[in-house]
Amino acid sequence: VQLVESGGGLVQPGGSLRLSCAASGFTFSRYRMRWYRQTPGKERELVAGIAPAGDSTDYADSVKGRFTISRDNGKNTVYLQMNSLKLEDTAMYYCGAVWKSSYWGQGTQVTVSS
């Protein structure tokens, strides 16, 4: 099982990034997918989730209207489009797969700084 995040980097406030998470080794289309983030000294925060068929999404209040989660079951990939980024969005971002088991990636760093 592998979840590999990519797309992180350094961006100025107000900018955008698109994170990707490529999955392999399990039946991706059966799993709910989530994006989490974590900063040192803080608990991991659920940012966004998407149902297995992609027909339902949910977001943390802190990112509603700015972030969009989507998935392509044909490519076994989940995305997180992040717009209007703020300093407080700086964190390590992880994707997770949840169903009968849970799987996690290694994370990709997002740094918002001027």
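An account of the accompanying structure is given in this report. Keep in mind the model is a prediction, meaning the values are calculated, not measured.

What counts and what doesn't
- Residues numbered from 1 in each chain as written.
- Predicted model: local features only at pLDDT ≥ 70, side-chain atom pairs only at ≥ 80, totals over all residues.
- Heavy atoms only, no water.
- Disulfide = S-S within 2.5 Å.
- Helix = DSSP H or I, 4+ residues; strand = E, 2+ residues; numbered from the N terminus.
- Buried < 20%, exposed > 50% of the residue type's maximum accessible area, 1.4 Å probe, protein only.
- Phe/Tyr/Trp six-rings, centres within 6.5 Å; stacked < 30°, edge-to-face > 60°.
- Salt bridge = Lys/Arg side-chain N within 4 Å of Asp/Glu carboxyl O.

## Some words on the state of the cysteines
- Tallied over the entire structure, the rule returns 1 disulfide.
- A sulfur-sulfur separation of 1.9 Å characterises the disulfide bridge that pairs C21 with C95. With a gap of 74 residues between them, C21 in strand 3 (residues 17-24) and C95 in strand 9 (residues 91-98) connect regions that are remote in the sequence.
- Classification of C21 by relative accessible area gives buried; the value is 0%.

## With respect to the packing of aromatic side chains
- Following the criterion strictly, the structure yields 6 aromatic pairs and no others.
- Ring geometry for F26 against F28: centres 6.5 Å apart, planes inclined by 50°, an arrangement best described as tilted. The residues F26 and F28 share a single accessibility class, namely buried.
- With 4.9 Å between their ring centres and 70° between their planes, Y36 and W104 make a pair best called edge-to-face. Here Y36, found in strand 4 (residues 32-38), pairs with W104, found in strand 10 (residues 102-104); they are 68 residues apart in sequence, far enough to count as distant.
- Judged by relative accessible area, which is 12%, Y36 ranks as buried.
- Classification of W104 by relative accessible area gives partly exposed; the value is 37%.

## Some points on the pattern of salt bridges
- What the rule picks out here adds up to 5 salt bridges.
- Of the charged contacts, one joins R32 and D58 as a salt bridge, the two residues approaching to 2.2 Å between their closest N and O atoms. Linking R32 in strand 4 with D58 in strand 6 (residues 57-59), this pair joins segments that are 26 residues apart in sequence.
- Under the relative-accessibility criterion, R32 is labelled partly exposed at 22%.
- A salt bridge links R66 to D89, with the shortest nitrogen-to-oxygen separation between them at 2.7 Å. Of this pair, R66 sits in the loop between strand 6 and strand 7 (67-72) while D89 sits in the loop between strand 8 (77-82) and strand 9; the two residues are 23 residues apart in sequence, bridging distant segments of the chain.
- The class of D89 is buried, set by a relative accessible area of 0%.
- Beyond isolated ion pairs, a larger network of salt bridges with shared partners links R37, E45, R66 and D89.

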